[in-house]
Amino acid sequence: QVQLVESGGGLVQAGGSLRLSCAASGRTFSDDRMGWFRQAPGKEREFVASIRWSGGNTYYSDSVNGRFTISRDNTKNTVYLQMNSLKPEDTAVYYCALRETGGLRDFREGTAYDYWGQGTQVTVSS
């Protein structure tokens, strides 16, 4: 049973940084794709970033490109989201998700993912 556990959220002032972690367990991860999504109050869930466990193939939404960096540490089965130059509009619950190898749906869509973490709150004050 795959489990994803996020951590690292918190309260930060605008312009500050946070690093989110997503620890994955339950099996060996090879060519699966990991994604970060976020959902703000009253808004729909939106894609933030994605990366393959096998390396590379990173993608970002336009709203975070250049400020956020997704990475993974295969030895720790952990995916990170480094968030810099945070803005109040980045405030949301952030979720990590896993799309199993062979998934064909667009990785920018939440429906493409098979497993989700419980989420971690990020609040950016102005």
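In this report, the structure presented in the accompanying data block is examined. (Residues numbered from 1 in each chain as written. Predicted model: local features only at pLDDT ≥ 70, side-chain atom pairs only at ≥ 80, totals over all residues. Heavy atoms only, no water.)

## Regarding the sheet that holds strand β7 (residues 68-73)
In step 1: Read from one edge of the open sheet, four strands run β1-β3-β8-β7, paired in antiparallel fashion. With partners counted over all chains shown, the strands left at the sheet margins are β1 (3-7) and β7, one partner each. For this sheet, the mean angle separating the axes of adjacent strands, direction not counted, is 15°.
In step 2: The sheet contact formed by strand β3 (residues 18-25) and strand β8 (residues 78-83) spans six bridges and is antiparallel. Paired with Ala23 across the bridge in β8 is Thr78. (Pairing = 2+ DSSP bridges. Helix = DSSP H or I, 4+ residues; strand = E, 2+ residues; numbered from the N terminus. Axes fitted to C-alpha atoms, helices over the stretch in contact; angles between N-to-C directions.)

## As for the nonpolar core
In step 1: Residues Trp36, Leu81, Met83 and Tyr94 are the most contacted members of the largest nonpolar core, which totals 28 residues.
In step 2: In this structure Met83 touches Gly16, Ser17, Leu18, Leu20, Arg67, Phe68, Tyr94 and Val122, once residues within four positions along its chain are discounted.
In step 3: Core analysis: the next-biggest nonpolar cluster, separate from the first, contains six residues, Phe37, Phe47, Ala97 and Ala112 among them. (Core = buried A, V, L, I, M, F, W, Y, C linked by side-chain atoms within 4.5 Å. Buried < 20%, exposed > 50% of the residue type's maximum accessible area, 1.4 Å probe, protein only. Contact = heavy atoms within 4.5 Å.)

## A short note on the pairing of strand β9 (residues 92-99)
In step 1: Of all eight residues that make up β9, six are buried, and the element is covered over most of its length.
In step 2: Relative to β9, strand β4 (residues 33-39) runs antiparallel, the two being bridged by seven bridges. The residue bridging Gln39 from the neighbouring strand is Val93, located in β9.
In step 3: Sheet topology places β9 next to strand β10 (residues 115-116); two bridges connect them, and they run antiparallel. Paired with Leu98 across the strands is Tyr115, a residue of β10.

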